[in-house]
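# Observations on chain architecture
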Amino acid sequence: MGYRGKTDDHERARALRAQSWTLQEIADELGVAKSSVSLWVRDVEFVSRPRRPGPDRRPHPWIARKEAEIAASLDEGRQRIGRMSERDLLIAGTALYAGEGAKTDGRVKFANSDPRMVLLFCAWLRRFFEVDEARMHLQLYLHEGLDLAAANQFWSEVTGIPVAQFFKPYRAVPDVGIRHNKHVMGCPGVSYSCTTTHRKVMGLVAALLSSEALPG
């Protein structure tokens, strides 16, 4: 390669680096050593951010392999789980509560920022216990600066609990020096005040975690 060719690669590398390409991606694109790229772009500001490949550019082979493996794993998971039976739901909800639910006597409480888990918990609770809907409550943990009204509406739709039954939210002050990714909709704590129900839940948890329940 002549001097002009190296100059073109140098300029191209710097342009790609400014677009948040990694050193390895640039080296693969130009067919040069990663160490050369590092020297060429050492003074170019790099801001890491997701980058979607253009319509005429295929993703890097390792990215394509990763995406294919993830897609295959998701498909395999769906096939293995299938549609849960009533017993499956009973066990899944009990396991979920064993890991994330409150153990203090008197109140069934589950907190998680993942709406899928919250939805599963609510479906499980209503399916297997006699629930007085008026005693279902939710308290939201939400960082200041985020939309409280939108978060309340979102979790009300997920849980089926009216916003009027939400407790006063806890508004946390974000520490920009530690936390960078805030949950936009916050983290809800769904609670049901009933000692009898909580004891029944803990009975299920104890049975699930007993050695008798494990396969031989």
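None of these values were measured; they are calculated from a predicted model. (Residues numbered from 1 in each chain as written. Predicted model: local features only at pLDDT ≥ 70, side-chain atom pairs only at ≥ 80, totals over all residues. Heavy atoms only, no water.)

### Let's talk about the sheet that holds strand β3 (residues 170-172)
The strand order across the open sheet formed by four strands is β1-β4-β2-β3, and the pairing between neighbours is mixed. Looking at which strands have only one partner, the edges of the open sheet turn out to be β1 (107-111) and β3. Here the average twist between neighbouring strands, direction ignored, is 15°. Of the strand pairs in this sheet, strand β2 (residues 136-143) and strand β4 (residues 187-193) are connected by six bridges, and their pairing is antiparallel. Bridging across to β4, leucine 140 finds its partner in proline 188. Relative to the sheet, helix α8 (residues 195-209) contacts β1 and β4, its axis offset from that of β1 by approximately 65°. (Pairing = 2+ DSSP bridges. Helix = DSSP H or I, 4+ residues; strand = E, 2+ residues; numbered from the N terminus. Axes fitted to C-alpha atoms, helices over the stretch in contact; angles between N-to-C directions. Contact = heavy atoms within 4.5 Å.)

### Concerning the nonpolar core
Phe121, Trp124, Leu125 and Val190 are the most contacted members of the largest nonpolar core, which totals 26 residues. Contributing elements (two or more residues each) for this core: α5 (86-100), β1, α6 (115-128), β2, α7 (148-159), β4 and α8. With five residues, α6 is the single largest residue contributor to this core. In terms of nonpolar packing, the next biggest core, distinct from the first, is built from 10 residues, Trp21, Leu30, Trp40 and Val44 among them. (Core = buried A, V, L, I, M, F, W, Y, C linked by side-chain atoms within 4.5 Å. Buried < 20%, exposed > 50% of the residue type's maximum accessible area, 1.4 Å probe, protein only.)

### A word on helix α4 (residues 61-81)
Along its 21 residues, α4 runs 30 Å from first to last C-alpha, staying within 8% of the 30 Å computed at 1.5 Å per residue. With its phi angle positive at about 65°, glycine 82 sits one or two positions after the end of α4. (Expected span 1.5 Å × (residues − 1).)

### Some words on α6
Taking 1.5 Å per residue as the helical rise, α6 with its 14 residues ought to reach 20 Å, and the 20 Å between its terminal C-alpha atoms agrees with that figure. Of the positions making up α6, those classed as buried are Val118, Phe121, Cys122, Trp124 and Leu125. On an axial view of α6, the arc spanned by its buried residues comes to 165°, and they lie on one face. α6 presents Arg116 and Arg127 as exposed residues on the side facing more than 90 degrees away from its buried surface. Taken together, the buried residues of α6 touch α5, β1, β2, α7, β4 and α8. (Arc of directions from axis to C-beta.)

### A word on the packing of α6 against α7
Where α6 meets α7, the axes come as close as 9 Å, and the angle between the chain directions of the two elements is 40°. Put simply, α6 runs oblique to α7. Along the contact surface, α6 presents Pro115, Val118, Leu119, Cys122 and Arg126, while α7 presents Phe154, Trp155, Val158 and Thr159. (Parallel < 35°, antiparallel > 145°, perpendicular 65-115°, else oblique.)

### Quick notes on the confidence of the model for the protein
Residues at a pLDDT of 70 or more form 88% of the protein, whose mean pLDDT is 87. Overall, residues 1-5 carries pLDDT values under 50, and its contacts beyond four positions in sequence, including any with other chains, amount to two contacts. (pLDDT = per-residue confidence, 0-100.)

### With respect to the pairing of β2
Burial of β2 is extensive: six of the eight residues sit out of reach of the surface. Bridge count for β2 against β3 is three bridges, and the pairing is parallel. Note that in β3 the partner of tyrosine 141 across the bridge is tyrosine 170.

### Considering the packing of aromatic side chains
Per the stated rule, a full pass over the model turns up seven aromatic pairs. Seen from their ring centres, tryptophan 124 and phenylalanine 129 are 5.4 Å apart, and the 75° between their planes marks the pair as edge-to-face. Through pairs of rings, three or more aromatic residues link up here, namely Tyr97, Phe110, Phe121, Trp124 and Phe129. (Phe/Tyr/Trp six-rings, centres within 6.5 Å; stacked < 30°, edge-to-face > 60°.)

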